[in-house]
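Each chain is listed here by its residues.
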Amino acid sequence: MKIDSVVFLVICAVWLGVGTALAQQPAPVSNSMVQAIGLKADTTQPAPPTRPDTTLYNSADRPDTVRSAPAQPVVQPALPATNSPTSTTQPAGTGTTAGRRANAGTPESVVGSGKISGKLLTPQAGKNQPVEFASIGLFRSRDSSSVTGALTDEKGFFQMTNLAPDAYYLLIQSLGFAAKRVPRIVISMDKPIVDLGNVLMTETAKQLQEVVVQGQKQAYEYSLDRKIVNVDQLPIAQGGSAIDILQNVPSVTVDVDGTLSLRGSSNVIVLVDGKPSGLTGLDRQAILEQIPASNIERIEMITNPSSRYDADGAAGIINIILKKERAAGFNGNVQLNVGTRDKYNASINLNTRFKKLNLFSSYNFRANRRFQYRISERQNIFGDSISYLAQRNDAIRRSVNNNLRVGFDYALSPRDNITASVLYRPEYSRDTEEENFNTLDASRNSLGQTLRITEETEPERGLDYVFGYRRTFDKQGRELTFDATTSSNKSTEYQNFSNTTTLPENLLTPNFLIGRQRADNGRENRVAVLQLDFVEPLKDKKKLETGLKHTYRRLASDYTFENLLDGIWTVNPAISNNFIYDERTSAAYVNFGNEIRKFSYQVGLRSEYTNITTDQRTTNVKSQRDYIYLFPSVFLNYNASESQKMQVNYSRRINRPSTWSLNPFIDLSDPLNIRYGNPDLNPELINSFEISHLLYGKSTTLTSSLFFRQTNNEITNYRTLRPDGITEQTSLNLNRSQNYGLEIVLTQELTRWWKMNGNFSFFQRNIQASADIPGILTRTNRSWTARVTSNMNPKKGTDIQVAMNYRSPFIVAQGTIKGFFNVDLGVKQNILKGRGTVSLRVSDIFNTLQFQNESFGSNFVSSTRSKRESRIGFIGFSYRLSRQVVREKDRDQERDRDDSPTENEF
């Protein structure tokens, strides 16, 4: 099997190499596309323009358009950290039944049933006395990764619940006592409860020494229902943001505008710690760039969530889990990164746990400057009359972002815990744009040009408040949790425009604004979530889950546009816009699971009632819609052997129209390409099926999935060309679309120091328009993505990672997105006896990452090429602060002998 795996990786690499040529230069609109919609082929097109020399940009540059113009522990994540799938590669000595079962990604109905309990005592005056409020850390044996922690009560009793099958060890620390290590604790499906009995502690007056963690998690972990990326193990993400991480995640692609796609679909829900955030009401690229990689513990991709999760998102959920240490004692990390072309970021994460209280905090600073450009050409066809519009936009975008988070966990009792945190995130951005509009006749002779210069600043601030309560019961596995989240985000965007033109008056449209303008856009977003969940274990490995959830969203935008007329700023009511979006969703769910020998299953049903009100106050247009839908889910699991698992699942999901796609206001800020929303849009309803197989070998992990997704009422953008040469774009519902394909993820250990990870996804997309929509929107094509990541550890403390990514061309309703290719490199070196790390990251080494598309209508075709600064180098340094008691690998055997349990201790 190892040879086959290597062959697979070589094939992926060849495909990626071929993709390089496809991603180099844009082509003009192809004659085949022109002819496909019944238009006459254009034989006058010149050779495609070459990419401008972007290396001439520096901190003092202004874009020169003339030069280059063309002719969401208690804060519940989506799945608790203790239930995370474990490493996909088995180190030597971990081939136990429990270890393999843990690696297999146990289904939700089984994971989390384990429990470890015991009592800490110390001999005093001939009697055993309880050790109160001792700190206990639980670690996985295979890699020393931290799982959870606990405190003993007044009687010395402790317990840890919701543990997955695996092999663990305990590290116990208490002031005045020698550190204690309890090895070889095995939780299995057959024996999920481990009672350690009395654990004896020895008093000592010696100061505990600092010891450095040597074990580490794998960068990628896979199970049947999700993929997990452990951010600290990704050298190619060091110094970046969430968007840099997602660009290197299997099955995920991110375009120049920050649009996420998962298995070919952009309908993805982004959660923070398993919950909506104030960030999630903003532009998606802003969300991802505001969250620094240094503050992220892991990212989970759940392609087919159960009924416990929100039904939003056709392609699934991307859950960003923020860091919060749970180990005993004081822990911290300080990080500093410096990037090319004025990019800087720094962060500090601190945590301290004592007795019943755990305190955590983090601060992140990011200063970023990037250039980008967009080149487009549109061919307008009216009978025998042909004209062209060529546009080029150059921009430099600068931002300064701060991110402060503080919080605590507190044990009210051995069974009651609360958590609370506050996240404050001020940001300031400043952008400069220059856009050139070049109007051409049929022979491509210029009829005149228009130049627009835009200066934009935007101060912004956000606050997130989180409160959680968790209660466990005497009955093993019974649990009640309550979570409340409220988030807000306020910003004001200030824009100044300057427009000049050489076009004759007869070619100027009525809305073409010449001179100076300015605009203020005040935005306010609020999100509030209340959620109650209850888990009840039943007889014979059965389990019942149920819960309630209410979500409130309010997004408001007040846009005021002014013209400078005779030296006086005058409001232009035709462009000003005041829009309010109000959404309330109430949900209830129930899941039932059972295990019968090698089979397990889970069935669930979720009901969601949604009420949406849109208020376009400028035009006094109100719209209100409410609907209720049922969302069933079914998961069937089969453990064929210790090394093979299978799952068949189905779920129904929904994708609600975005705020701006519902706004009927006509946006005239670009007078040649105007936009407006459609308040009559219906939500998309998605039926998703998936069959997955997980295979563990000695040095190989192979996950394969067949998936099918049908979307009814698919929402798409639709663009038309008016007789005056202006395009209008709005949103509408298609009849349906279908995506189906195959995904393969392979992890192969080539040598002890070299591992490779390959991901290949092939899918076909069918788009079917409704009867009242032009037939040109009914389309079909095949597409594929491939990613190969090489992880090398040539010596202890050194990590080298190279990632290659390619996506082939794929269709949208009214066009084609061309393929793109990129290669990233990351290197990490531990120093200062493992407490410090020096890192180097270079993204898009060959500067090939750019996005091209062709679009068409009944009387036009166009092509666009977008390039965002992507070849960026970062050098960074991080330092770990810790008083944590953990193991050193070279002392494992000696400690195992010293800490072997005696008959009296257990």
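The following refers to the structure shown. (Residues numbered from 1 in each chain as written. Predicted model: local features only at pLDDT ≥ 70, side-chain atom pairs only at ≥ 80, totals over all residues. Heavy atoms only, no water.)

Turning our attention to the side chain of R378. For R378, the position within the fold is in strand 18 (residues 357-382). In terms of polar contacts, R378 uses its side chain to reach the side chain of N380, at 2.8 Å. Discounting chain neighbours no more than four positions away, the residues touching R378 are S387, Y388, L389, L672, N673, R719, L721, G725, T727, F860, V861 and S862. (Helix = DSSP H or I, 4+ residues; strand = E, 2+ residues; numbered from the N terminus. Polar contact = N/O pair within 3.5 Å; in protein donor to acceptor, adjacent residues only side chain to side chain. Contact = heavy atoms within 4.5 Å.)

Our next topic: the pattern of salt bridges. Oppositely charged side chains may form a pair once their charged atoms are brought near each other. Under the criterion given, the structure shown has 30 salt bridges. Across the pair R470 and E479 runs a salt bridge whose closest N-O atoms are separated by 2.9 Å. Grouping residues by exposure puts R470 and E479 together as buried. With a shortest N-O distance of 2.3 Å, D582 and R584 are connected by a salt bridge. By relative accessible area, which is 12% here, D582 ends up buried. Among the residues examined, R584 registers a relative accessible area of 37% and is labelled partly exposed. Each of the salt bridges in this network shares a partner with another, and the network as a whole consists of D310, D312, K549, R606, E608 and R656. (Salt bridge = Lys/Arg side-chain N within 4 Å of Asp/Glu carboxyl O. Buried < 20%, exposed > 50% of the residue type's maximum accessible area, 1.4 Å probe, protein only.)

On the secondary structure map, N739 appears in strand 36 (residues 736-751). At 3.0 Å, the side chain of N739 forms a polar contact with the side chain of R765.

When glycine is set aside, most residues are seen to have a negative phi, and most peptide bonds are trans. For R597, which is not glycine, the phi torsion reads 50° and is therefore positive. In this fold, R597 is placed in the loop between strand 27 (577-596) and strand 28 (599-616). Non-glycine residue N713 carries a positive phi angle of around 60°. By the secondary structure assignment, N713 is in the loop between strand 33 (700-712) and strand 34 (715-721).

Right, let's talk about the environment of N521 for a bit. Relative to the elements of secondary structure, N521 occurs in strand 24 (residues 515-537). Sequence separation between N521 and Y559 is 38 residues, and the spatial gap between their C-alpha atoms is 4.3 Å. Among all residues touching N521, those that are not within four sequence positions of it are S491, T492, E493, S557, D558 and Y559. At 2.9 Å, the side chain of N521 forms a polar contact with the side chain of S557.

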